[in-house]
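Chain by chain, the residues:
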Amino acid sequence: MSMKKWASVWAVTFVTLPIHMASAADEVEQFYKDKQVKLISAYAAGGNSALYGDVLRRHIGRHIPGNPIVIIQNMPGGAGITATNYMAKRAPRDGTEFALVSRTAPFEPLYGNDKALYSTQELSWLGSANVETSVCIANTNAPVDSLKAATEKELIVGGSSPDALDSVLPNITNRLLGTKFKIVGGYPLSSDIILAMERGEVSGFCGVSWASINMRYANLLKDKKIKVLFQFAPERASDLKDVPLIQEEAKSKIDSQVFDLLLAPQQMGRPFLTAPGVPPARLAALRKAFMDTLKDAEFLAEAQKAGLEIQPIGAEAVDKILARAYASSPEAIEKMKQLLAYK
């Protein structure tokens, strides 16, 4: 091909590429203009986790092309499985719905939970709002004041559903480390468990967000009404350097791998996704809008006021976290299944 013809080909390429990109952007903007977009929340209204959806909903519309109105629909149930099933199987495939799901829901198929009617591969992630540090706390007047003490004396802790971290974490530490947590379930929200602690109905709470305690219940810390027994996170929080990580106490290589599996959802914090099959340009727009919102000054100001910890994580990072978990050894996955009693 002559130099003149090559020049013509390159000229056409460089001219048409921006046109195609502009056309896709225009299509997305025209699609969302005057639309109503629904945010499905896997949590009951009023809880700390639900606040992430409530606050994000008020700001993300400004970052989606066409500036649609965004409304929220709470869809609690099955520790996030109900909302994830809905998004995977019934939600519109056009980008008009996205969801805040529980961080444990994406891992349920790995452990054979037959209520999880989806595969991780079909879920389209937007990203996550934070990396979660959870802690186990006890009333100061409780008979247990450390992780070691929890292996010697019973501590009654509050829980929500059997599949939620506040039940799973104490159950697994009982079986792997010999702690003596007794779980009293039936508290719908984290705030209900905190209130139950204040009333003396229970003496502890294992699996509560440290950011929530630090920001929403700082008075309990200031007045020394609670103590932190251990933390559950990828690494120690900067203000909890002397409080042990539960996974540091693993007694075998397999147990350490089990804790790694249990930790994977913590790395995802507050994950958001949309339905499978959303057109690529709209999916890209939603992902960008999500990340842009998490850096938006107005959003961050409201999040801080609400006591929300924001650490943006993109869709690719979420995919990598899931890929690592699903590539875990068969022995670790099998033991996790046994601990979760899905067999």
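Our structure's up above, just so we're on the same page.
Read on for an overview of the structure.

Regarding the overall build of the chain
Moving on, step 1. Helix and strand counts for the chain come out as 13 helices and 11 strands.
Moving on, step 2. On C-alpha atoms alone, the chain measures out to a radius of gyration of 22 Å, which is about the 20 Å that the 2.2 N^0.38 rule sets for 343 residues.
Moving on, step 3. With respect to the three principal axes, the spread of C-alpha positions in the chain is 85 × 45 × 35 Å.
Moving on, step 4. Evaluated residue by residue, the chain yields a buried proportion of 51% over its 343 residues.
Moving on, step 5. Put simply, 79% of the contacts in the chain that link residues at least 6 apart link residues at least 24 apart.
Moving on, step 6. When the accessible surface of the chain is split by element, carbon and sulfur atoms take 55% of a total near 15,700 Å².

Quick look at the pairing of strand E2 (residues 69–74)
Moving on, step 1. Sheet topology note: the strand E1 (residues 36–41)/E2 ladder contains six bridges and is parallel. When the sheet's bridge partners are listed, serine 41 is paired in E2 with asparagine 74.
Moving on, step 2. A crossover links E1 with its parallel partner E2, the connecting element being helix H2 (residues 48–60), and its sense is right-handed.

Considering unusual backbone geometry
Moving on, step 1. Although it is not a glycine, aspartate 34 sits at a positive phi angle of roughly 65°.
Moving on, step 2. Topologically, aspartate 34 is positioned in the loop between helix H1 (3–32) and E1.
Moving on, step 3. Taking relative accessible area as the criterion, aspartate 34 reaches 75% and is therefore assigned exposed.
Moving on, step 4. The phi angle at asparagine 67 is positive, at roughly 50°, despite the residue not being glycine.

Analysis parameters
Residues numbered from 1 in each chain as written. Predicted model: local features only at pLDDT ≥ 70, side-chain atom pairs only at ≥ 80, totals over all residues. Heavy atoms only, no water. Helix = DSSP H or I, 4+ residues; strand = E, 2+ residues; numbered from the N terminus. Rg over C-alpha atoms; globule rule 2.2 N^0.38 Å. Buried < 20%, exposed > 50% of the residue type's maximum accessible area, 1.4 Å probe, protein only. Contact = heavy atoms within 4.5 Å. Areas by Shrake-Rupley, 256 points an atom, 1.4 Å probe, with all protein chains shown as cover. Pairing = 2+ DSSP bridges. Right-handed = clockwise from strand over helix to strand, strands pointing away.

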